[in-house]
Amino acid sequence: MPIFQDQKGKNIANFQKMIDEKKHTICKYYDEIGHLYYGQYKDMNIDVTKDINARCESISNIYKEIEELNIKILREKGLKKCAICSTENQLANAFCFKCGARFADDDAVPADVIAPPNACATPPSEMPVAAPAPAVEAEEAAPAPIAPEEAGE
Ligand SMILES: [Zn+2]
């Protein structure tokens, strides 16, 4: 068996080990969430929403990391996954053999695909309907003093 095959096997085993560790961490977080929630159930005065949300966020991040590791494992095996239908394809394929979707060249993400975040562009048409201006009619509150221009002579 060629040496590079062995190296690939080692890489895959290494990635798999990392995935297993991450899955273990996820289980730990799920466990903690359960305990936190139960603590809240037992004592309604406790608010653990923040703690629970923090762990949920971590779990989401770890799932993403696992997904990235799975992609690396596939690559070691000479495979890649179709973004549309999730079918495993040969790395050399330009199109998914199942759904026909085109693969990005060499899995590289072209720079122009990553658009810079649009700095909160508010369309000018979003002007709120003008609230009726408070009718400030100086009613009889402050009668203007009559200028005694031709009063005295
Ligand atoms: Zn596909």
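Basis of the calculations
- Residues numbered from 1 in each chain as written.
- Predicted model: local features only at pLDDT ≥ 70, side-chain atom pairs only at ≥ 80, totals over all residues.
- Helix = DSSP H or I, 4+ residues; strand = E, 2+ residues; numbered from the N terminus.
- Buried ≥ 20, exposed ≤ 12 C-beta atoms within 10 Å, placed from the backbone.
- Contact = placed C-beta atoms within 7 Å.
- pLDDT = per-residue confidence, 0-100.
- Expected span 1.5 Å × (residues − 1).

Quick notes on the overall build of the chain
Item 1. Assigned secondary structure in the chain consists of two helices and two strands.
Item 2. In the chain, the order of α-helices and β-strands from amino to carboxyl end is α-α-β-β.
Item 3. Counting all 153 residues of the chain, 3% fall into the buried class.
Item 4. At a minimum sequence separation of 6, the contacts of the chain that also span at least 24 residues come to 30%.

Some thoughts on the environment of Cys-85
Item 1. Positionally, Cys-85 belongs in the loop between strand E1 (79-81) and strand E2 (88-90).
Item 2. For Cys-85, a count of 12 C-beta atoms within 10 Å translates into the label exposed.
Item 3. Separated by 14 residues in the primary sequence, Cys-85 and Cys-99 have C-alpha atoms spaced 6.8 Å apart.
Item 4. Not counting residues within four places of it along the chain, the set of residues in contact with Cys-85 comprises Cys-96, Lys-98 and Cys-99.

Here's the deal with the confidence of the model for the chain
Regions with low pLDDT should not have their predicted coordinates read in detail.
Item 1. Across the chain, the average pLDDT comes to 80, with 65% of residues at or above 70.
Item 2. Per-element averaging of pLDDT across the chain places helix H1 (residues 3-42) at the bottom with 94 and helix H2 (residues 49-76) at the top with 97.
Item 3. Across residues 108-127, where pLDDT falls below 50, the model places two contacts with residues more than four positions away in sequence or in other chains.

Description of unusual backbone geometry
Item 1. The backbone of Ser-86 shows a phi angle near 70 degrees, a positive value even though the residue is not glycine.
Item 2. You can see Ser-86 is positioned in the loop between E1 and E2.
Item 3. Ser-86 gets classed as exposed once you count the C-beta atoms within 10 Å, which come to 10.

Regarding the environment of Ala-104
Item 1. With respect to the helices and strands, the residue Ala-104 is situated in the segment after E2.
Item 2. Between the C-alpha atom of Ala-104 and that of Cys-82, which follows or precedes it by 22 residues, the distance is 10.0 Å.

Here we look at the environment of Glu-68
Item 1. Along the chain, the position of Glu-68 falls in helix H2.
Item 2. The exposure class assigned to Glu-68 is exposed, which follows from the 12 C-beta atoms found within 10 Å.
Item 3. Considered as a pair, Glu-68 and Ile-19 are 49 residues apart in the sequence and their alpha carbons are 9.7 Å apart.

Brief notes about H2
Because each turn of an α-helix spans 3.6 residues, side chains separated by three or four positions in sequence point in the same direction.
Item 1. Taking 1.5 Å of rise per residue, the 28 residues of H2 would be expected to cover 40 Å, and the 41 Å separating its terminal C-alpha atoms lies within 8% of that figure.
Item 2. Once H2 finishes, Gly-78 follows within two positions and takes phi at roughly 80 degrees, a positive value.

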